[in-house]
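In case you want the letters, here they are:
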Amino acid sequence: MRTVAVTRIGSLRDPDENTRGRIGVVDFPEQPLGPEDVRIRVAYSAICGSDPHLAEGFFGTDVPIGLGHELSGVIEALGERATRNGLKVGDRVAGNFLRFCGTCRPCQEGRQQFCENIQDYNRPGMAETVTWHESQVYRLPDDVSLLHGSILEPTSVAVRIADKARARVGDRVAICGGGPIGQLTLQVMKMNGATSLTMIEPIAERREMALRHGADFVIDPVGEDQAALASEITDGRGYDVVIDASGSPRAVRGLLDIAGKGATVVYGAMYPENYELPLNLSDYLYLKELTLTGIFVSPYAFPRALQILPYLQLDELTEAVYDLEDAVEAFAVHISGRFPKVVLRCNDIDEEMPR
């Protein structure tokens, strides 16, 4: 089974070809189909911003490391007991790459993101097929294409960020980082009634994209005075909710300063393992009473992400599509930042969308 994988550990941005991380298409054995499993012929699998971190050894260094967790496809086989969700062969689906066991203490306590057996079904989906437990699989709405369906998982992240933000209708909201998660979170927060909705992003094209997708304001944190503009936008009060979707240590430093008194600050990205945020407890947690939180994965968010998927503007996140065999080029384009999102076509699957 052809699968995109990390074949050498190292930064994909390393200028030295001898030490740079390497991506390739390798043959993996097809995953076994258990009695409650669903085998999916993968149509599309999108590159996530976390994938380069896997190449750097963030979750281990034994290569090859299979990649891919944002995907859509068509069911081609079902285990004999995979019947509780009403899934059928031929269904167009997407899903959650993680299977929560439901029996460990965190799962029993309703904190599935800390499931102690979360790696059991961690199977790469940037491949010809993937086999998941039926609890991970969701049938796509009729009016959502397979291409757009591959954005279900990052949409679930945006939904979970909104949950953690606890934004009220009318709250002033700022989002730092105009990549896929930032753009999706912007649309979700717009749905939630955000006001003074501001995208903080150094790349002009991504700021313009944010304006097309509902931002009221944009700030260039490199070429403009971020603190002064934030104060002007919020009448000196600061934002009620500040969300980081950049994962950049340089970007997160000033976000606490633009948060208003009593605000919630959500760190919704993956950060370098050794990064420690300078934090003056007196200024930010005592005098301003900020609530600081983050997210790891998205338990319980997938059904609601599925509900809003037809209402999101996804064309600009799915315009860069490469075939599976061109994975090396696709990752190079991803690293270049030319597109906010790059998607791999893992199989040619015809579908007729309703008009």
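Nothing here was measured: the structure is a model prediction, and the numbers come from that model.

Thresholds applied
Residues numbered from 1 in each chain as written. Predicted model: local features only at pLDDT ≥ 70, side-chain atom pairs only at ≥ 80, totals over all residues. Heavy atoms only, no water. Helix = DSSP H or I, 4+ residues; strand = E, 2+ residues; numbered from the N terminus. Rg over C-alpha atoms; globule rule 2.2 N^0.38 Å. Buried < 20%, exposed > 50% of the residue type's maximum accessible area, 1.4 Å probe, protein only. Contact = heavy atoms within 4.5 Å. Lys, Arg positive; Asp, Glu negative; His and termini not counted. Charge placed at Lys NZ, Arg CZ, Asp CG, Glu CD. Core = buried A, V, L, I, M, F, W, Y, C linked by side-chain atoms within 4.5 Å. Arc of directions from axis to C-beta. Pairing = 2+ DSSP bridges. Axes fitted to C-alpha atoms, helices over the stretch in contact; angles between N-to-C directions. Phe/Tyr/Trp six-rings, centres within 6.5 Å; stacked < 30°, edge-to-face > 60°.

## Some points on the overall build of the chain
- From N to C terminus, the chain includes twelve helices and 16 strands.
- Over its C-alpha trace the chain gives a radius of gyration of 20 Å, about what one expects of a compact globule, namely 20 Å for 355 residues.
- Taken along the three principal axes of its C-alpha coordinates, the chain extends 60 × 50 × 45 Å.
- Among the 355 residues that make up the chain, the fraction classed as buried is 54%.
- Restricting the contact set of the chain to residue pairs at least 6 apart, pairs at least 24 apart contribute 69%.
- Within the chain, one finds 35 positive and 51 negative side-chain charges whose respective centroids are separated by 4 Å.

## Points about the nonpolar core
- Formed by 43 residues in total, the largest nonpolar core has its most connected members in Val 173, Ile 175, Met 189 and Ile 243.
- Sequence-distant contacts of Met 189, that is, excluding residues within four places in its chain, are made with Ala 162, Ala 167, Val 173, Ile 175, Ala 194, Leu 197 and Ile 243.

## So, helix H12 (residues 327-336)
- Along H12, the residues that are buried comprise Ala 327, Ala 330, Phe 331, Val 333 and His 334. Along the long axis of H12, the arc covered by the buried residues comes to 160 degrees, so they all point the same way.
- If you follow the buried residues of H12, they end up packed against strand E1 (2-8), strand E2 (22-27), helix H1 (51-55), strand E15 (320-323) and strand E16 (342-345).
- Just downstream of H12 lies Gly 337, where phi reads positive at about 80 degrees.

## Brief notes about the sheet that holds strand E9 (residues 172-176)
- Strand order in the open sheet made by the six strands is E11-E10-E9-E12-E13-E14, with parallel pairing throughout. For this open sheet the edge positions go to strand E11 (217-219) and strand E14 (291-294), each flanked by a neighbour on one side alone. The average angle at which neighbouring strand axes cross in this sheet is 20 degrees, direction not considered.
- For E9 and strand E12 (residues 239-244), the ladder comprises four bridges, and the chain directions are parallel. Note on E12: the bridge partner recorded for Ile 175 is Ile 243.
- Against the sheet, helix H6 (residues 204-212) makes contact with strand E10 (195-200) and E11, and its axis sits at roughly 165 degrees relative to E11, the strand it touches most.

## As for the packing of aromatic side chains
- Going through the model one piece at a time under the given rule, you end up with two aromatic pairs.
- When the centroid spacing of 5.9 Å and the interplanar angle of 10 degrees are considered together, the rings of Tyr 138 and Phe 302 count as stacked. One end of the pair, Tyr 138, is in strand E8 (residues 137-139); the other, Phe 302, is in helix H11 (residues 302-308), and 164 residues separate them in sequence.
- Here Tyr 267 and Tyr 271 contribute two aromatic rings whose centre-to-centre distance is 6.3 Å and whose plane-to-plane angle is 75 degrees, an arrangement assigned as edge-to-face.
- The buried category is assigned to Tyr 267, whose relative accessible area is 14%.

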